[in-house]
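Residue-level structural notes
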Protein chains: 4
Amino acid sequence: MSFNSFGHLFRVTTFGESHGPAIGCVVDGCPPGLRFTLEEIQEALDRRRPGTSRFTTQRREPDAVRILSGTLEHPEGGLVSTGTPIALLIENVDQRSKDYNDIAGSYRPGHADFTYDIKYGIRDHRGGGRSSARETATRVAAGAIAAKVLPGVSVRGALVRIGEIEIDRSRWDWNEVPNNPFFCPDPETVPVWTDYLDGIRKRGSSVGAVIELVAEGVPPGLGAPLYGKLDGDLASALMGINAVKGVEIGEGFNAARLTGEENADEMRMGNEGRPAFLANHAGGILGGISTGAPVVARFAVKPTSSILTPRQTVDKFGTETDLITKGRHDPCVGIRAVPVGEAMMWCVLADHLLRHRGQVGENPHWPFPR
Amino acid sequence: MSFNSFGHLFRVTTFGESHGPAIGCVVDGCPPGLRFTLEEIQEALDRRRPGTSRFTTQRREPDAVRILSGTLEHPEGGLVSTGTPIALLIENVDQRSKDYNDIAGSYRPGHADFTYDIKYGIRDHRGGGRSSARETATRVAAGAIAAKVLPGVSVRGALVRIGEIEIDRSRWDWNEVPNNPFFCPDPETVPVWTDYLDGIRKRGSSVGAVIELVAEGVPPGLGAPLYGKLDGDLASALMGINAVKGVEIGEGFNAARLTGEENADEMRMGNEGRPAFLANHAGGILGGISTGAPVVARFAVKPTSSILTPRQTVDKFGTETDLITKGRHDPCVGIRAVPVGEAMMWCVLADHLLRHRGQVGENPHWPFPR
Amino acid sequence: MSFNSFGHLFRVTTFGESHGPAIGCVVDGCPPGLRFTLEEIQEALDRRRPGTSRFTTQRREPDAVRILSGTLEHPEGGLVSTGTPIALLIENVDQRSKDYNDIAGSYRPGHADFTYDIKYGIRDHRGGGRSSARETATRVAAGAIAAKVLPGVSVRGALVRIGEIEIDRSRWDWNEVPNNPFFCPDPETVPVWTDYLDGIRKRGSSVGAVIELVAEGVPPGLGAPLYGKLDGDLASALMGINAVKGVEIGEGFNAARLTGEENADEMRMGNEGRPAFLANHAGGILGGISTGAPVVARFAVKPTSSILTPRQTVDKFGTETDLITKGRHDPCVGIRAVPVGEAMMWCVLADHLLRHRGQVGENPHWPFPR
Amino acid sequence: MSFNSFGHLFRVTTFGESHGPAIGCVVDGCPPGLRFTLEEIQEALDRRRPGTSRFTTQRREPDAVRILSGTLEHPEGGLVSTGTPIALLIENVDQRSKDYNDIAGSYRPGHADFTYDIKYGIRDHRGGGRSSARETATRVAAGAIAAKVLPGVSVRGALVRIGEIEIDRSRWDWNEVPNNPFFCPDPETVPVWTDYLDGIRKRGSSVGAVIELVAEGVPPGLGAPLYGKLDGDLASALMGINAVKGVEIGEGFNAARLTGEENADEMRMGNEGRPAFLANHAGGILGGISTGAPVVARFAVKPTSSILTPRQTVDKFGTETDLITKGRHDPCVGIRAVPVGEAMMWCVLADHLLRHRGQVGENPHWPFPR
C-alpha cells in the first residue's frame, strides 16, 4: 500500500509540488534491455506541456526531464534499461507563487484545498501544491517508458466532447489529432471548439470535456479475476487523474440501455485462424481480461475549478468570503488530460503484461495462434 | 498484489466457484471489539439472494453463512470481533451443473469463457465458475462486517434505470426501496418496470441497468492523494463488479457539459460551526478525499449475457456454432447488483477509515468541530 | 498490505484459531494446469501432525483437509489447478478448551497473551487462539501446493540442534530424516536426543532447537534487488514462524568471524558449460538473487513457553500470580517446525519464481546454458 | 509489490547507482506536521559517510542531501512535513568509474555481479551499480525522517564483534559509541580492534562483523499476527542490508540452547501500575507484537567481498580468470552498517506505529496506563 505509487510489477511512484523545487517519479519494475531515448520521453512531455496554445495555462515550463538512474548508454546509441529503478526528474522553473498569496487561507470551490486541510491540517497552497495538474507531467514521462514494454501496441487518445459540443464520430480521423490544439479527431469540429472555447476563455470561465482512449494490439489474456481486473485497474487509474468524474469501458453507461441481443459481441473464426469478435461493445475486456479486440475507455473531466467569476466560500478561520481564482489556468483542463490518459493506459497495460507473465506460468498451450 | 483480494487495511479475499462445493471469503483487518450477529450478515445476504422474485435467477440457494474464525461470543449476546481474520463460508446447494454440459466448449458471447480460456487454458465452465455472479454473495457478507467499522454512516443503493426507462428523481423515496423487487426508489416507476421486464423475461432477453449509491455521514478526510484516492478506489471496486461497464462520481459524465460556474460547490459556514457546501456536484469527494458531504456514485450494468436468442460464436476447437444460453439467469442482473454495490462501498469506506487513522498520525487539530 | 497473507504472486491467506470451528487458507496466484492430489497435501500435513510421537503434543487432530475451490478433477486422475484461488479447510476436532479456563485472564510468560491483549483488548485465550502453532498446518498445506510450482526443485529440512546437543554434520544422511521422530539426519544423535528429550518431557520442561533447510535445483535469478531480495523474504517467512528467534543464510552468523579470503565462493566453469561455484558460503544467494547453488537457511526456535514449572506472572486485572501452563504441549516445538519451515521455503520460492517471470520480461539471452 | 520499496504506511522507495548521476529516495506516508531540519538528515548521513576514517572506503562523497518535495518552511524555523511524499536527492560526486574497467565482464566472488547478469542480462558494473553499499545512504536519510514519527523512542546501534574479537558486554557504555571509528560500546576493545583491523587493511583483506540494535521506548502493541509481525519485518529489513547473512531477535540462536524455565520472561506489576517483564529474552517482541520492553536485534555482516588477494573466477564469456578487486573499499563493511541498521529499524518502527493506528480502530481501553 502506498498513496503515491501505482501499479504492481510496473510500478510508478511520483513526488513533487507545483511550486516546489522539482517534480519527478521513480519507475520500478521496468524490464531490462528496453531501448529508448531521452528525446522520446521529452516528446511525450511536450505533448502535455503547458503554454503551447492559448487554450492551456500560460505557465512556461520547459519540462526538461533528466534521468538519474536505471539506464546505461547503449553502444548503438540511446539508452537501455538495466532492470533497476528509473528515476526521472523535472525541475520547476516558472513558479509565480505570489499569485497565490491572496488565497492562502481560502478554500477555492472545486479544488482540494478544503479536503487537504481537513485531512492534513497543513498544505502547500501555492498552485495547488501536490494536487496540481503539474504532477501529471511525471505520469506522462512514466507512460513513455511503459510504452516500451509493449512493442506492437498503440495507445491513442482524443477529445470527443468539450462542454455541450461533441464530435461527429463518422468523421473520426486519428491523423487529425496532432493537427489542432484540442487532440480533436474530427476536423470540422475544430473551428467550432475554437470559437466556443475562446468565448469561455475570454469571460474567465471554464468547461468540461470527455476523452476517449483506444489501445490496439493488446494481447488477449491481460487482467485477472476478480480483483485484479484490467478494467478495474483502468477505472482506478483514469478516475485518479485530476478532475475526472466518470470512467467507461466499451459501451459504458450506454450498455444500461441495451438488450442482451444488442450488446452481445458475437464471434466467428477470423482470418488468422483464431476467434474474432464481430463487434466490440465490451471495449476489449470480458470478465476483467483483455479479449484481443481494441481496449476502449472514456473518461469525463469536470470544468477547471479556477474561474474569474467570484464564488462564495470560506477560509480556514471560518470567515465567509467571495473568491476569484487568479493564476494561470486552463479554460478546459480536459485538453491536457489526453496525453495523461494515454500515459495511464500505457502504465496499466505494461503492469498487466508483466503480471500476466507471472500469473499463468506453465500455461498449457492455447489451441489458436496468438 | 493479489488477484482475489481487495482493500489494504480492511482486506477481503474471496474464493469459490458457482458450482463448486462452497464459496467464501476471509475478512482481514477488521478492528477488534466490533459487535454484530450472524443474523445481520444473513439479512444482508438475503437481500442479494437469488430466487426471491421472478426477475432474478430461479436458482434456489439458501446462502446460509457460517463464521469459521475471528469472533468470540459476546457475554451480552451476538459476536464480537477479535482482530484476527474472519472467515465466512457459504456452501453451494443447488448446483445444476448439467445445464452447462452442452456449452462446455463454446464461448458464450459476453461472458468470460473466451478470456478465461485464453488466459488459463483451463476453466470451470459450470455456471461461469469463478466469473459467476454467485461470488458476489461473499462480497455482501464482507460488506455487512465493513458496515460495523463505520458507525454513524449509512450506505444505500437504488436502481435508477432499467434499459430505456429511468426513474423520476423528483419522486425519490428511500423508504420505497425495500417495497419492490427492483430496489426502486420511485413508486410510480415500479409498475412500469414490472411490465417492461416481464416482456424482456418472457422472450428470453435481458436488459441493462444503472445503480446509484449514496453514503451519508462519511467523515471528511478519507482518501489520500494521489494514487490512494477514495474515488479511484470506488471506481476500481465498482468497475470490478460483474458486468459493470461505467462508474461515475457526483455529476459524473454530465460534468463534461458544465461550466466552472455551474459545477462549483460554493461554501458557507454551516449550522454546526463548520464549513458547509451549498451544492454537491463533486459527489462528496475533492482531490480524492471525502468532503463530509454525501458520497454519491453510479454504475452501469450491461444486460445479462445469457439469453435464449441464438447468437453466433465459436468453440474451443475453432468450430463456428450458434449458441442459446440455457441455465437459470437474471433478465436484469443489475437488480441484484444493488446490494453488491452497497457492499463494495462499505468495504472501500471501511478500508479508507482505517487507512486514514494510519495516515494522518499526529495531525494538528483542525480548527472546526469534526 | 495485510496481516494474514504472505507472498505477492503466489499469495497465501490463512485464518482460524486453535479452538475455533476450523482453520484454513486461500492460495491465490497458483498457476493453472498444475496437477496434484488431495493425498499429497494430506501427506504433507501428516508429517506435521501432532500426536505422532511422545515428543509432540498429544492433541489428536486428524487434520483432514478439504479443497473448496480452484481445482477440477483431471480426466487422468487427481486434480488440476485452474488459476483461481484454492481454498483449503481443516476442521478442528479435538478441542479441549476447558484446559484453558484457569488461565483465561493470566499472561503466560513467553506467550503472546499479553501482547494480544494490549493490542486488541480482547483475545481468544483457548489454546493460544490465533497465535497457536495449530495455524501452521495451513502453511504446510499451502506449501504442498507451492511445491508443484517448482518441478525439479527439492526442499528438505532437518533438525540440527536440540538444546545443548548438536548433530555431527559428518554423519549427515537425508535418508535418515524420516526414520526418527526428530527429523534428525544423524542416526547416532537420535538415541542421544531421545534420552535428553525424555528427561525434559518428564519434568514438564521444554527446550529449543535449530532447523536447517536446503533447497536444491533452485533456478538462478530468483529474487530482486533491493527490497525484494530472496534472502530478505526467507528471513521474514522463517522469523514469522511461531517461536522463531533467529534466521541465517549460508554461513550466517559465522560469516562475521571469517575473512574475505575464507568467505569467497570462487568460481570456475562447470561441467555443463556454465559457471560453477567452488564453495557455497553464500548459501545460494548473492545480492538477494539465487545463484543456482543450493539455498541454505537455518532458524532457531525457542523452547516451548508452556511448561509445568510455576512462573511468576500477572493477569489482566493487574493481580500478580504464579502460573503453571497445563494443556497438551510439545517439549520441543522445534521438531514440528521442520515441515513448517520447508513449507515456508516452498511458498517463498514459488512466489519468487512467478515474480521472476514478470520481472525480467524480454531479458536478453544469457550466454550460458540455463 | 515492488522491488525497490519497503514499508506499507511509512513507505520508502530508493533509486540510484553507485556511479550514476545521483541516488535518492521517496518517503511516502510521512504524517503531516512533523518538524525537522535538513541538518538533522545531514548529520545522520555524516555518521554513515565514507572516508571518515582509515577503516572505511576512501571514496570522498559529501553526501549533501537536497529535499525536493513534501515539506514547507516552518514559521519558527526548520521544515514541517505536509503529508505528501518527501523526495531526497544526493548527487554522486567522486565517481572513479575507470577503476572498474578491468573487471567489467568478470564476476567478482561474493558480489552480485553474477546474479545480476543471470537475472537481467545487463548491469551497471561501475562500483557495483545498484548493489553498491552507496545506496544505503538513502536509507539513512529516510531513517532520519522515520525517527520523527516516533518521539520518545530511541534507536541505537553498536558493533559487538569484528572477526574473531567480540566486545565485553560488562563494559557496555553507549556514550562510548560516538568516540571511536567502530561504533564500539566497549572502550577497552577499541585499541584491540584498531590493531586487528589495521592488519586486515594492510594486507588487503577484510573481515565480518556483528551489529546490535536496541530500541527503547517502543510502545507495546506494534506488529500484527501472523504475517505482519514486527520481528518478521525487522528480519526482512535487516537481512536486506548489503552483505547481511543472519538476523536475531532477543536471545536469537542462543534461545535454541535454553530450557523453557531459563527463557521465560516472568512478569510482575511495575512501578507505573502496568505489567513489567523481569527479563527480556524475547527481545521486546512476543507473538510478533512489541511488549514495551526494549526491542533488541542483532545482525551479522560478512567480510567485504572486495579484497586484494587474487581469487579464481570466470567472466561473462566463460573464460576462467584470477581476479583482484581494486577500487576503494571498506576492510570491514560492518562498521558502516551500524547507522544503516539503525535507519532500517527506525523505518520499520515508524511503519508499524502507523499501521497500528489503522489496525486497532476502536480498541476497547486497555486496563493499565499506557
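Coordinates for the structure precede this section.
These remarks concern the structure in this document. (Residues numbered from 1 in each chain as written. Chains lettered and ligands numbered in written order. Predicted model: local features only at pLDDT ≥ 70, side-chain atom pairs only at ≥ 80, totals over all residues. Heavy atoms only, no water.)

A few words now on the relation of the copies chain A and chain B. Between chain A and chain B, the superposition needs a rotation of 180° and an axial shift of 0.0 Å, giving an RMSD of 0.0 Å. The superposition operator between the copies reduces to a two-fold rotation axis. Nearest to the rotation axis, the C-alpha of A:Ser236 is located 2.4 Å from it, this being the minimum over chain A. Here 100% of the contact residues of chain A are again contact residues in chain B; the copies associate through an equivalent surface. (Least-squares fit on C-alpha atoms with pLDDT ≥ 70 in both. Contact = heavy atoms within 4.5 Å.)

By the definition in use, this model includes 30 aromatic pairs over all chains. An angle of 35° between the planes, with centres 5.0 Å apart, marks the rings of C:Phe55 and C:Phe182 as tilted. Here C:Phe182 lies in the loop between β10 (165-166) and α4 (189-202) and C:Phe55 lies in the loop between α1 (38-48) and β5 (65-67), a separation of 127 residues in the sequence. The exposure class assigned to C:Phe182 is buried, which follows from its relative accessible area of 0%. A centroid spacing of 5.8 Å and a plane angle of 85° characterise the contact between D:Phe182 and D:Trp193, whose relative ring orientation is edge-to-face. Here D:Phe182 is found in the loop between β10 (165-166) and α4 (189-202), whereas its partner D:Trp193 is found in helix α4, with eleven residues between them in sequence. Residues D:Phe182 and D:Trp193 agree in their burial class; the two are buried. These aromatic residues form a ring-pair network of at least three members: A:Phe55, A:Phe182 and A:Trp193. Note that B:Lys119 overlies the ring of B:Tyr120, its terminal NZ or CZ placed 6.0 Å from the centroid. (Phe/Tyr/Trp six-rings, centres within 6.5 Å; stacked < 30°, edge-to-face > 60°. Helix = DSSP H or I, 4+ residues; strand = E, 2+ residues; numbered from the N terminus. Buried < 20%, exposed > 50% of the residue type's maximum accessible area, 1.4 Å probe, protein only. Lys NZ or Arg CZ within 6 Å of the ring centre and 35° of its normal.)

On to the layout of surface pockets. Put simply, the largest pocket is a space of about 1,000 Å³. The wall of the largest pocket is formed by 35 residues, among which C:Glu248, C:Phe253, C:Asn254, D:Glu248 and D:Phe253 lie closest to the centre. Within the residue set of the lining of the largest pocket, elements represented by two or more residues are β9 (154-162), β11 (209-216) and β17 (295-301) of chain C together with β9 (154-162) and β17 (295-301) of chain D. Residue composition of the lining of the largest pocket, grouped by class: eleven nonpolar, nine polar and 15 charged. (1 Å grid on protein atoms, 1.4 Å probe; cavity = no way out; pocket = protein on both sides within 12 Å on 5 of 7 lines; lining within 4 Å. Points joined across faces, edges and corners; volume = space filled by probe spheres on them. Nonpolar A, V, L, I, M, F, W, Y, C, P; charged D, E, K, R; others polar.)

Another aspect to go through is the nonpolar core. Among the nonpolar cores identified, the biggest contains 399 residues, and A:Phe10, B:Phe10, C:Phe10 and D:Phe10 are the most heavily contacted of them. By residue number, the principal contributor to this core is helix α7 (residues 337-360) of chain A, which donates 14 residues. (Core = buried A, V, L, I, M, F, W, Y, C linked by side-chain atoms within 4.5 Å.)

A word on the pattern of salt bridges. Pairs can form between side chains of opposite charge whenever their charged atoms are close. For the coordinates displayed, the defined rule picks out 112 salt bridges over all chains. Across the pair B:Arg257 and A:Glu164 runs a salt bridge, and its minimum N-O distance is 3.6 Å. Taken together, the positions of B:Arg257 in the loop between β12 (244-249) and α6 (260-263) and A:Glu164 in the loop between β9 (154-162) and β10 (165-166) put the pair across two chains. Take B:Arg257: its relative accessible area is 34%, and that puts it in the partly exposed class. A single network of salt bridges, built from pairs that share partners, joins A:Arg108, A:Asp113, A:Asp117 and A:Arg123. (Salt bridge = Lys/Arg side-chain N within 4 Å of Asp/Glu carboxyl O.)

All names here are of chain D. Taking strand neighbours across the sheet as the criterion, the three strands line up as β4-β7-β6 in an open arrangement whose pairing is antiparallel. Whereas interior strands pair on both sides, the edge strands pair on one side only; in this sheet they are β4 (35-36) and β6 (71-73). Two elements, β6 and strand β7 (residues 79-81), share three bridges in a ladder whose sense is antiparallel. Looking at the pairing, leucine 72 lines up with valine 80 of β7. (Pairing = 2+ DSSP bridges.)

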